[in-house]
Amino acid sequence: MEQIKQWDIELELVKTKTGALLYKINVADNHFFLEQNPLKDSKYGVAYRKIKEKYPEFYMFWEIKNNRYTGRLLTGTFLEKEDIDRFITDVLQSEEYKQYEDIKEEIEKQ
């Protein structure tokens, strides 16, 4: 692989006024991603809480630039190979993806 660009990213664990512990990913000055607060009684707070019950390793971060929410999200999960089929089925609500072959691309050696 050839490196095209590099970022220095900082990961913090922060505590909100209400006591929630959230991850914060600092990308640059006035640009970061803040984990959704699962304790918040809002549409996304409740949804995140329910997703985390089923997938504890799932994370959802809101992008914040210049002290404003951009409306963009960074989401991801850490799963074992056996769990990915269940996760994809839950997300897609379809069996359609099963028609494709399980092909792993070879990682280029540096």
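Here the structure is shown first, and the text comes after it.
> Even after reading the chapter, I still don't get the overall build of the protein, so can you show me in this structure?
In terms of helices and strands, the protein carries 2 helices and 5 strands. Helices and strands in the protein line up, N terminus first, as β-β-β-α-β-β-α. For the protein, the residues scored as buried account for 23% of the 110 residues in total. Taking as baseline every contact in the protein between residues at least 6 positions apart, the subset at least 24 positions apart corresponds to 27%.

> Mind showing me how you'd approach the environment of Lys52 here?
With respect to the helices, strands and loops of the structure, Lys52 is situated in helix α1 (residues 43–54). For Lys52 and Pro38, which are 14 residues apart along the polypeptide, the C-alpha to C-alpha distance reads 8.3 Å. Not counting the four nearest positions on each side in its chain, Lys52 is found in contact with Glu35, Phe58 and Tyr59.

> What should I look at first to understand a nonpolar patch on the surface in this one?
The grouping of Leu11, Leu13, Leu21 and Tyr23 at the surface amounts to a nonpolar patch, some 420 Å² of accessible area in total. Contributions of two or more residues to the nonpolar patch are made by β1 (10–15) and β2 (21–28). Its place among the elements puts Tyr23 in strand β2.

> Can you walk me through the packing of aromatic side chains in this structure?
Two aromatic rings, taken as a pair, are described by how far apart their centres are and by the angle between their planes. Within the structure shown, the criterion is met by 6 aromatic pairs. Taken together, a centroid distance of 6.4 Å and an interplanar angle of 25° make the contact between Tyr59 and Phe61 stacked. The class for Tyr59 is buried, based on a relative accessible area of 18%. Note on Phe61: relative accessible area 8%, which makes it buried. Arranged with centres 6.4 Å apart and planes meeting at 75°, the rings of Tyr59 and Phe78 form a pair that is edge-to-face. Remark: Phe78 occurs in the loop between β5 (68–77) and α2 (81–92) and Tyr59 occurs in strand β4 (residues 58–65); sequence separation between them is 19 residues. Ring pairing ties together the aromatic residues Tyr23, Tyr59, Phe61 and Phe78, which thus form one cluster. Its guanidinium or amino end placed over the ring of Phe32, Lys24 lies 4.4 Å from that ring's centre, counting from NZ or CZ. When the ring centre of Tyr59 is taken as origin, the NZ or CZ atom of Lys52, which lies over that ring, is 3.9 Å away.

> Just checking my understanding: could you explain the sheet that holds β1 for this structure?
Hydrogen bonds along the backbone pair up the strands of a sheet, which may run parallel or antiparallel. Strands sit in the order β1-β2-β3-β4-β5 across an open sheet of 5 strands; the sheet is antiparallel. Across the chains shown, the open sheet's two edge strands, defined by having one partner strand only, are β1 and β5. Taking each pair of neighbouring strands and ignoring which way they run, the sheet shows an average axis angle of 30°. Here β1 pairs with β2 via 6 bridges, running antiparallel.

> What am I meant to see in the side chain of Glu63 here?
In this structure, Glu63 sits in strand β4. Looking at Glu63, its side chain comes within polar contact range of the side chain of Thr70, at 2.8 Å. With residues up to four places along the chain from it excluded, the contact list for Glu63 reads His31, Phe32, Phe33, Arg68, Tyr69, Thr70 and Arg72.

About the thresholds
- Residues numbered from 1 in each chain as written.
- Predicted model: local features only at pLDDT ≥ 70, side-chain atom pairs only at ≥ 80, totals over all residues.
- Heavy atoms only, no water.
- Helix = DSSP H or I, 4+ residues; strand = E, 2+ residues; numbered from the N terminus.
- Buried < 20%, exposed > 50% of the residue type's maximum accessible area, 1.4 Å probe, protein only.
- Contact = heavy atoms within 4.5 Å.
- Patch = residues over 30% accessible without salt bridge, like charges linked within 9 Å, V, L, I, M, F, W, Y side chains within 5 Å.
- Areas by Shrake-Rupley, 256 points an atom, 1.4 Å probe, with all protein chains shown as cover.
- Salt bridge = Lys/Arg side-chain N within 4 Å of Asp/Glu carboxyl O.
- Phe/Tyr/Trp six-rings, centres within 6.5 Å; stacked < 30°, edge-to-face > 60°.
- Lys NZ or Arg CZ within 6 Å of the ring centre and 35° of its normal.
- Pairing = 2+ DSSP bridges.
- Axes fitted to C-alpha atoms, helices over the stretch in contact; angles between N-to-C directions.
- Polar contact = N/O pair within 3.5 Å; in protein donor to acceptor, adjacent residues only side chain to side chain.

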